[in-house]
Amino acid sequence: MRPSSPPPALAAIGWHWTPDALPPGWDGVLAAHAQARPARIVAQHRSGYRVSESIDQMHPAESLPEWQHAGSYRKDALSPEARPAVGDWVLVEGEAPNALRIVALLPRYSAIKRGAAGEHYRQQVIAANVDTVFVVCGLDADFNPRRIERYLLLVAGSGVQPVVVLTKADKDGADAEAAQHALRALAVPVLAVNAKDRTSVAALDAWLGPGRSIVLVGSSGAGKSTLTNTLLGVERMKTGAVRERDARGRHTTTHRALIALPAGACLIDTPGMRELKPTGEEAVAASFVDVEALAAQCRFRDCKHATEPGCAVRAAVERGELEGERVANFLKLSDEVDGAAGRLAMRLAQKADARVQTKALHKRLDDKHGRH
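Keep in mind the model is a prediction, meaning the values are calculated, not measured.

Peer 1: Is there a simple way to think about helix α3 (residues 145-155) in this case?
Peer 2: Because an α-helix packs 3.6 residues into every turn, residues spaced three or four apart end up facing the same way. α3 sits mainly inside the fold: 10 of its 11 residues count as buried. Listing the buried residues of α3 in full gives Pro 145, Arg 146, Ile 148, Glu 149, Arg 150, Tyr 151, Leu 152, Leu 153, Leu 154 and Val 155. Among the residues of α3, the N-terminal cap falls to Asn 144, whose side-chain oxygen and the backbone nitrogen of Arg 146 are separated by 3.0 Å. Positioned one or two residues after α3, Gly 157 has a phi angle of 85°, which is positive.

Peer 1: Would you explain unusual backbone geometry in this entry?
Peer 2: What you tend to see is this: most non-glycine residues have negative phi, and most peptide bonds are trans. A cis amide bond links Ala 96 to the next residue, Pro 97, at an omega of 5°. Positive phi, close to 60°, is recorded for Ala 187, a residue that is not glycine. You can see Ala 187 is positioned in the loop between α4 (176-182) and β10 (190-192).

Peer 1: Looking at this model, I keep getting lost on the pairing of strand β13 (residues 266-269). Mind explaining?
Peer 2: Walk down a regular strand and you will see the side chains alternate between the two sheet faces. Here β13 shows no split at all, with Cys 266 and Ile 268 on one side and Leu 267 and Asp 269 on the other all buried. With four bridges connecting them, strand β11 (residues 213-217) and β13 associate as parallel partners. Note on β13: the bridge partner recorded for Val 215 is Ile 268. The pairing of strand β12 (residues 257-260) with β13 spans four bridges and is classified as antiparallel. When the sheet's bridge partners are listed, Ala 260 is paired in β13 with Cys 266. Two successive antiparallel strands, β12 and β13, enclose a turn made up of five residues, where Gly 264 displays a positive phi of approximately 105°.

Peer 1: Is there a simple way to explain the pattern of salt bridges in this structure?
Peer 2: Think of it this way: side chains of opposite charge can pair up when their charged atoms draw near. Here the structure, examined in full by the defined rule, presents 16 salt bridges. Among the salt bridges present, the one from Arg 108 reaches Asp 88, with a minimum N-O distance of 2.9 Å. Separated by 20 residues along the polypeptide, Arg 108 in the loop between β5 (101-105) and β6 (111-115) and Asp 88 in the loop between β3 (57-61) and β4 (89-93) bring together distant segments of the chain. With a relative accessible area of 25%, Arg 108 lands in the partly exposed category. Measuring nitrogen to oxygen at the nearest pair gives 2.7 Å for the salt bridge that ties Glu 336 to Lys 332. Of this pair, Glu 336 and Lys 332 both sit in helix α10 (residues 324-368), four residues apart, roughly one helical turn.

Peer 1: Teacher, can you tell me more about the pairing of strand β1 (residues 37-45) here?
Peer 2: Looking at chain direction, β1 and β4 are connected through four bridges and run antiparallel. Residue pairing for β4: Arg 40 is matched across the bridge by Trp 89. Where β1 lies against strand β2 (residues 48-54), five bridges are found, and the strand directions are antiparallel. Each residue of the ladder has a partner; that of Ile 41, found in β2, is Val 51.

Peer 1: Which parts of the structure should I look at to understand empty space enclosed by the protein?
Peer 2: Where empty space is left can be seen by rolling a probe of water-molecule size over the atoms. For the structure shown, the criterion picks out one cavity of 30 Å³ or more. In this structure, the largest cavity occupies an estimated 30 Å³ of space. Contributing to the lining of the largest cavity are Ile 112, Ile 126, Tyr 151, Leu 154, Val 155, Val 217 and Met 273. A total of three residues in the lining of the largest cavity trace back to one element, the largest contributor, which is α3.

Reading the values: rules and limits
Residues numbered from 1 in each chain as written. Predicted model: local features only at pLDDT ≥ 70, side-chain atom pairs only at ≥ 80, totals over all residues. Heavy atoms only, no water. Buried < 20%, exposed > 50% of the residue type's maximum accessible area, 1.4 Å probe, protein only. Helix = DSSP H or I, 4+ residues; strand = E, 2+ residues; numbered from the N terminus. Polar contact = N/O pair within 3.5 Å; in protein donor to acceptor, adjacent residues only side chain to side chain. Pairing = 2+ DSSP bridges. Salt bridge = Lys/Arg side-chain N within 4 Å of Asp/Glu carboxyl O. 1 Å grid on protein atoms, 1.4 Å probe; cavity = no way out; pocket = protein on both sides within 12 Å on 5 of 7 lines; lining within 4 Å. Points joined across faces, edges and corners; volume = space filled by probe spheres on them.

In structure tokens form, the structure reads like this:
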């Protein structure tokens, strides 16, 4: 008889499915590896992966050969985002601690991605198979509505619920009400908390139920590690002070790691990210519904919201109904997404063309040597 509830050991690290209700594509992979068992990637290092099959148990696992390279968009190569990331579910065989090996990757049901730093196009998965992303921002000099909009752009369309968490509400000069007013157009939950106070962070409990997976994103010094420690109830994550002149912090978290919380949820803490490049797959309209609704009223369909007559967006700014800085960020992010989409299309076209050329070469060789 199939179990009617998730196995307790797996449930503690985010598994909330029964054999009769699995995410799309999992049945086939599980059937192809009938002797394997599920595990979750809880840490990723240059030298490999660490996986967990139960709470507080983490072991190194041998990965598939194609995962041991950075990945690229060249023909026959595994693309960077296709390699496993923290939060991914995999199938493993063998026994820990020295003979554990990964044999397959289960398809993701969600992923938070960004364009990796550098000149060449490349995607990087921040976290996989998460239900909620906490966008953490301090109520000090770290507070930046435009950067929060950029984070939300990366989340939009991923199937993940974004929640903006404003930390340091206890600091002198913190004005949570003004900050929440500045973010009123985002159409997502915005909560202000004292990250050191468990009673205060109880406001986040609605997203921290058993089997839920959450990722924390935000700049260094925003309070992600402090928030993690408070939710854990122990000082497990290293924290650091921020510079007073600009509220910048050092990277106290140096790599992504999945941590099981006492309440039954799983939390992925991430290093602060200074560069938030879009991948080209984002839908800007989903993050700027208010601007898009006004743009639909412009006289010209291709209005750039600059000097064109009959621009409803610019008129709303002049009436004080829409922030000019929000419109400027909308236009900036739209340009960035369009540019990234062009680079992505070029990469995919090059890869497809290389496959066509390889296929044609093989056909010529077969014809030449009489192979059919």
